Amino acid sequence: MSAAGSRPQRLKAAVHFTTGRICQKMGEDHRKEFSRQTVAAIAETAFRQCDIFAKDLEAFARHAKRSMVSAEDVKLVARRSNALSVYIQNKSEELAQEQKKKNAAKKKSKDAEESRE
Amino acid sequence: MADKDEEICFRKETISKLLTSFFKEDKTKLSSEAALLMAEMLKIFVQEAAIRSQKQAESEDCDKVDIEHFEKILPQLLLDF
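In this text, all values refer to a predicted model and were calculated from it rather than measured experimentally.

**Quick word on the packing of helix H2 (residues 36-63) of chain A against helix H1 (residues 12-22) of chain B**
Packing of H2 of chain A against H1 of chain B brings their axes to within 8 Å, and their N-to-C directions diverge by 65°. The angle between H2 of chain A and H1 of chain B places the two elements in the roughly perpendicular class. Considering how the two elements wind past one another, H2 of chain A and H1 of chain B form a crossing that is right-handed. Contacts between H2 of chain A and H1 of chain B involve Phe47, Cys50, Asp51, Phe53, Ala54, Lys55 and Leu57 of chain A on the former and, on the latter, Leu18, Leu19 and Phe22 of chain B. Here the contact of H2 of chain A with H1 of chain B is composed, by residue class, of eight nonpolar, no polar and two charged.

This is the structure in structure tokens:
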């Protein structure tokens, strides 16, 4: 078993990695680089924010008497900013559309299979 | 010449593991759709943090974004989320 660090450490590292990539791209796009310390601070803050998000999501699901956190709970978490709310709503609809297409495609191939028998 | 289609994002699996690790109860689960949406949320959070820090650095005539720029925008960022 590889001693790649504890679970939370690996998750933190994963967040840090993607944060770094986002900051690097933004640094290139706007020609203003981020210091390593800043990237680390942003990553740490994002990691901690997930704790807050998770607790809220869990509370919303529980309030709706569900044990599975759903898209509706995420929409609630995004309620504070109007722009964010709209963005998440649109993303959610986008995902629903994609899922519909996938289901339709699955059904099509299933029907085709059954008709061959 | 930036490849616009290749948008940097958080992996659904990472977000899923991360959020579930913070749940208080074992029975609480995260739907696939919720995980994807939360990955978007986190990406936006990081982007906002980054871009506001950049703007702060710009307003102070600095050519590099340093930690004090991030510290200055942090309170409002947290309030906005």
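**Structural notes on the side chain of Thr45 of chain A**
Topologically, Thr45 of chain A is positioned in helix H2. Aside from chain neighbours lying at most four places away, what touches Thr45 of chain A is Phe45, Phe70, Leu74 and Leu78 of chain B.

**So, helix H4 (residues 82-116) of chain A**
For H4 of chain A, with 35 residues, the first-to-last C-alpha span of 51 Å sits near the 51 Å given by 1.5 Å per residue. Considered for burial, the residues of H4 of chain A that qualify are Leu84, Ile88, Lys91, Ser92 and Leu95 of chain A. Buried-residue contacts for H4 of chain A involve helix H3 (71-77) of chain A together with helix H2 (32-59) of chain B.

**Quick notes on the packing of aromatic side chains**
All names here are of chain B. Enumeration according to the criterion identifies two aromatic pairs over all chains in this entry. On the basis of an interplanar angle of 80° and a centroid distance of 5.0 Å, the ring pair of Phe45 and Phe81 is categorised as edge-to-face. Here the residue Phe45 occupies a position in helix H2, and Phe81 occupies one in the segment after helix H3 (67-80), the gap between them amounting to 36 residues. With respect to class, Phe45 is no different from Phe81; both count as buried.

**What about the interface of chain A and chain B?**
Contact with chain A, which involves 49 residues of that partner, is made by 50 residues of chain B. Summing both sides of the interface, chain A and chain B together bury roughly 4,800 Å²; the carbon and sulfur share of this comes to 75%. Broken down residue by residue, the surface that chain A buries against chain B is led by Ile22, Lys32 and Glu58 of chain A, which jointly contribute 13%. Put simply, chain A and chain B have one salt bridge between them. For the salt bridge of Arg62 of chain A with Glu25 of chain B, the shortest nitrogen-to-oxygen distance reads 3.8 Å. At the boundary of chain A and chain B, one finds 17 residue pairs in polar contact (both at pLDDT 80 or more). For the side of chain A that touches chain B, the elements supplying multiple residues, two or more each, are helix H1 (7-30), strand E1 (33-34), H2, strand E2 (68-69), H3 and H4 of chain A. No other element matches H2 of chain A, which puts 16 residues into the side of chain A that touches chain B. Residues that form the side of chain A that touches chain B fall into these classes: 25 nonpolar, 13 polar and 11 charged. One ladder, built from two bridges, connects E1 of chain A with strand E2 (residues 64-65) of chain B; its direction is parallel. Along E2 of chain B, the bridge assignment pairs Glu33 of chain A with Lys64 of chain B.

**A look at the nonpolar core**
Of all hydrophobic cores here, the largest spans 51 residues; its most connected members are Leu19 and Met41 of chain B. Those elements giving two or more residues to this core turn out to be H1, H2, H3 and H4 of chain A together with H1, H2 and H3 of chain B. No other element matches H2 of chain B, which puts 13 residues into this core.

**Topic: the pattern of salt bridges**
Enumeration according to the criterion identifies 18 salt bridges over all chains in this entry. Two residues, Glu72 of chain A and Lys75 of chain A, come together in a salt bridge whose shortest N-O distance is 3.1 Å. In this pair, Glu72 of chain A and Lys75 of chain A are both assigned in helix H3, three residues apart and thus about one turn of the helix distant. Classification of Glu72 of chain A as partly exposed rests on a relative accessible area of 47%. A salt bridge links Lys43 of chain B to Glu7 of chain B; the shortest N-O distance between them is 3.0 Å. Within this pair, whereas Lys43 of chain B is found in helix H2, its partner Glu7 of chain B is found in the segment before H1, the two being separated by 36 residues in sequence. Salt bridges here are not isolated pairs; linked through shared partners, they connect Lys12, Glu44 and Arg48 of chain A.

Reading the values: the criteria
- Residues numbered from 1 in each chain as written.
- Chains lettered and ligands numbered in written order.
- Predicted model: local features only at pLDDT ≥ 70, side-chain atom pairs only at ≥ 80, totals over all residues.
- Heavy atoms only, no water.
- Axes fitted to C-alpha atoms, helices over the stretch in contact; angles between N-to-C directions.
- Helix = DSSP H or I, 4+ residues; strand = E, 2+ residues; numbered from the N terminus.
- Parallel < 35°, antiparallel > 145°, perpendicular 65-115°, else oblique.
- Left-handed = near helix turned anticlockwise from the far one by under 90°.
- Contact = heavy atoms within 4.5 Å.
- Nonpolar A, V, L, I, M, F, W, Y, C, P; charged D, E, K, R; others polar.
- Expected span 1.5 Å × (residues − 1).
- Buried < 20%, exposed > 50% of the residue type's maximum accessible area, 1.4 Å probe, protein only.
- Phe/Tyr/Trp six-rings, centres within 6.5 Å; stacked < 30°, edge-to-face > 60°.
- Buried area = accessible area lost by both parts, 1.4 Å probe.
- Salt bridge = Lys/Arg side-chain N within 4 Å of Asp/Glu carboxyl O.
- Polar contact = N/O pair within 3.5 Å; in protein donor to acceptor, adjacent residues only side chain to side chain.
- Pairing = 2+ DSSP bridges.
- Core = buried A, V, L, I, M, F, W, Y, C linked by side-chain atoms within 4.5 Å.

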